[in-house]
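# Architecture at a glance
Listed below, chain by chain, are the residues.
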Amino acid sequence: MMSKKIVIVGGGAAGMMAAISAAEKSAAVTLLEPNERLGKKLNITGKGRCNVTNNADLQTLLANVPKNGKFLYSAFSRFDGRDAMAFFERLGVPLKTERGNRVFPVSDRSFDVSAALERRLKTLKVRLLRDRALSLDIADGMVTGVRGEQGSYPAGAVVLATGGVSYPATGSTGEGHRLAREAGHTVTPLQGSLVPLRDFGVGRDLQGLSLRNVALTVFENDKKIYMDFGELLFTHFGVSGPLVLSASAHMRHFDKKAYRLEIDLKPALDEGQLDKRLLSDFAKYANHDFANALNDLLPQKLIPTVVAWSEIPPHQKVHDLTREQRQGLIRILKHFPVVIAGPCPVTDAIVTSGGVKVSEINPTTMESKIVKGLYFAGELIDVDAYTGGFNLQIAWATGHAAGQAAAECNQGDEN
Ligand SMILES: Cc1cc2nc3c(=O)[nH]c(=O)nc-3n(C[C@H](O)[C@H](O)[C@H](O)COP(=O)(O)OP(=O)(O)OC[C@H]3O[C@@H](n4cnc5c(N)ncnc54)[C@H](O)[C@@H]3O)c2cc1C
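Residues numbered from 1 in each chain as written. Predicted model: local features only at pLDDT ≥ 70, side-chain atom pairs only at ≥ 80, totals over all residues. Heavy atoms only, no water.

Right, let's talk about the environment of Trp 309 for a bit. Structurally, Trp 309 can be placed in helix α10 (residues 303-310). For the pair Trp 309 and Leu 233, spaced 76 residues apart in sequence, the C-alpha to C-alpha distance is 19 Å. (Helix = DSSP H or I, 4+ residues; strand = E, 2+ residues; numbered from the N terminus.)

Next up, the structure:
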């Protein structure tokens with residue numbers, strides 16, 4: 001019997017995993033990727049270190065997928081973070097687990113992850129073709145092949161794994177969404193998640209300032225919805241940095257809700273302790289102007305803004321400061337406000353929120369409920385997760401499910 005012909009569209013994390021999973025089930029697999037290299041986006045993940053997954057059980061994985069997490073129950077049950085770890089260790093990539101159970105290669109090189117996947121694809125004799133899929137061949141509700149720029153590829157099953165629309169220079173340009181739509185699927189609105197945020201201008205004066213060890217609280221219509229500690233960066237458009245990217249994944253309703261951030265510039269000190277600290281600094285600088293008394297407490301770049309917002313005259317002598325003025329200053333230091341105008345464009349986001357509608361996909365097999373033999377994997381699907389390796393875990397788990405099911409389905413065995 002001839003082996004089943006499967007075409008995988010997209011050589012990113014999900015496509016490579018789908019190709020490996022199908023080839024391990026003895027399918028004859030062709031992988032189409034227009035980039036010169038496979039895994040172009042994978043190579044820039046985790047600042048080049050690749051936070052490859054999270055060392056987490058099923059429940060933790062699901063809790064970190066704020067949109068359509070339930071859809072992933074079956075795929076995660078069969079391939080969770082520990083399965084992903086075992087998979088990569090088997091491929092010869094030693095791993096380590098860091099803070100928050102984030103898993104990285106011991107080498108801190110994402111390239112080692114993509115190279116291991118590519119080696120496995122070659123061992124399994126997956127046909128790697130540099131081509132871009134232009135359309136799907138569909139007859140009588142069944143997929144029969146893929147047309148590319150360079151040729152046509154008949155197939156008994158096709159896995160679409162073309163990614164989202166973030167960082168389009170890596171190849172994820174949204175073509176898969178068009179192919180899915182042409183096949184009759186709904187694509188939910190696309191927007192960025194894990195994305196820098198635009199403010200109403202505070203950032204301009206503070207541009208380039210990086211704050212470590214601050215606490216960030218997010219308010220949605222004045223309700224506190226998120227708080228975390230970490231590093232934040234002021235930019236020419238607003239705020240960015242790991243803390244902001246993580247927070248942005250919780251801000252999902254810019255169309256109908258208002259968001260503001262509060263930065264606690266001194267999270268290690270409560271208000272009483274901070275007051276003591278101010279009193280000690282002010283004793284040291286008693287005869288200075290107020291504007292020159294904060295040098296030991298704050299980065300230089302931040303001082304003019306804090307002084308302006310404290311409403312204390314900058315040239316007032318420190319020994320003249322009242323208790324009320326000090327209390328006002330403490331409020332600013334503990335609740336430094338940034339009002340958010342909106343997210344940066346989806347192209348600047350780490351992941352795309354929105355995609356092929358999950359109710360049109362079988363959650364066990366990743367097969368389309370509209371076209372037989374058509375499968376989806378990875379960021380193309382309308383699921384996205386918080387930071388911590390969860391987005392790649394979605395790619396591995398859905399790629400694994402789609403590849404296996406595509407190899408096992410009965411349609412077009414002799415194609
Ligand atoms: C800067 C950055 C850092 C990140 N860091 C992490 C991290 O540390 N951990 C984590 O979990 N997640 C991280 N992510 C998210 C993660 O990279 C993605 O969620 C993941 O790569 C999605 O995999 P995918 O295979 O679905 O899509 P992609 O990796 O985008 O791959 C899609 C592939 O399809 C190809 N393609 C597109 N159209 C066609 C077509 N018509 N024909 C053929 N091929 C096509 C593209 O060229 C591309 O190679 C990061 C993302 C970015 C941008």
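What follows picks up the thread again.
Here we have six strands rolled up into a closed barrel, ordered β12-β15-β14-β13-β16-β17, and antiparallel in their pairing. Direction aside, neighbouring strands of the sheet carry axes that sit 45 degrees apart on average. Relative to strand β17 (residues 336-343), strand β12 (residues 197-199) is paired through three bridges, and the arrangement is antiparallel. Within β17, the residue paired with Arg 198 across the bridge is Gly 342. Across the sheet, helix α11 (residues 323-334) touches β16 (259-264) and β17, and the angle it forms with β16 is around 110 degrees. (Pairing = 2+ DSSP bridges. Axes fitted to C-alpha atoms, helices over the stretch in contact; angles between N-to-C directions. Contact = heavy atoms within 4.5 Å.)

To continue, consider helix α12 (residues 390-408). Note: α-helices contain 3.6 residues per turn, so residues at a spacing of three or four share the same orientation. With 19 residues, α12 should cover 27 Å at 1.5 Å per step; its first-to-last C-alpha distance of 27 Å lies within 8% of that length. Burial analysis of α12 places 16 of its 19 residues in the buried class, which makes it a mostly covered element. (Expected span 1.5 Å × (residues − 1). Buried < 20%, exposed > 50% of the residue type's maximum accessible area, 1.4 Å probe, protein only.)

Moving on to the nonpolar core. The biggest cluster of nonpolar side chains holds 83 residues, and the ones touching the most others in it are Leu 42, Phe 76, Phe 88, Leu 117, Val 158, Phe 376 and Trp 396. Once you skip the residues sitting within four places of it in the chain, Val 158 turns out to touch Val 7, Val 9, Leu 136, Val 143, Gly 145, Val 146, Gly 373, Leu 374 and Tyr 375. Formed by 42 residues, the second largest nonpolar core is a distinct cluster that contains Val 214, Tyr 285, Leu 298 and Ile 303. (Core = buried A, V, L, I, M, F, W, Y, C linked by side-chain atoms within 4.5 Å.)

This next bit is on the layout of surface pockets. Quantified by volume, the second largest pocket comes out at close to 190 Å³. Considered class by class, the residues forming the lining of the second largest pocket number one nonpolar, five polar and five charged. Each of domain 1 (5-192 + 346-408) and domain 2 (196-343) contributes no fewer than three residues to the lining of the second largest pocket. (1 Å grid on protein atoms, 1.4 Å probe; cavity = no way out; pocket = protein on both sides within 12 Å on 5 of 7 lines; lining within 4 Å. Points joined across faces, edges and corners; volume = space filled by probe spheres on them. Nonpolar A, V, L, I, M, F, W, Y, C, P; charged D, E, K, R; others polar. Domains from an automatic or database assignment.)

Time to look at the environment of Leu 269. Residue position: Leu 269 is located in the loop between β16 and α9 (271-284). A relative accessible area of 23% places Leu 269 in the partly exposed class.

A sheet is described by the order of its strands in space; here three strands give the open sequence β3-β5-β4, paired in antiparallel fashion. Both outer strands of the open sheet, β3 (53-54) and β4 (95-98), are each paired with one neighbouring strand and no more. Relative to strand β5 (residues 102-105), β4 is paired through four bridges, and the arrangement is antiparallel. From the neighbouring strand, Lys 96 faces β5, where its bridge partner is Phe 104.

This next bit is on the site of the ligand. Ala 14, Glu 33, Glu 175, Glu 379 and Leu 392 are the nearest of the 34 residues found near the ligand. The side chain of Ser 172 places a nitrogen or oxygen atom 3.4 Å from an oxygen atom of the ligand. In this structure, an oxygen atom belonging to the ligand sits 3.4 Å away from a main-chain N or O atom of Gly 389. Taking 1000 Å² as the accessible area of the ligand by itself, protein coverage stands at 95%. Among the secondary structure elements, those contributing two or more residues to the shell around the ligand are α1 (13-23) and α12. With four residues, the top contributor of residues to the shell around the ligand is α12. The class makeup of the residues in the shell around the ligand is 14 nonpolar, 14 polar and six charged. (Near = heavy atom within 4 Å. Polar contact = N/O pair within 3.5 Å; in protein donor to acceptor, adjacent residues only side chain to side chain. Areas by Shrake-Rupley, 256 points an atom, 1.4 Å probe, with all protein chains shown as cover.)

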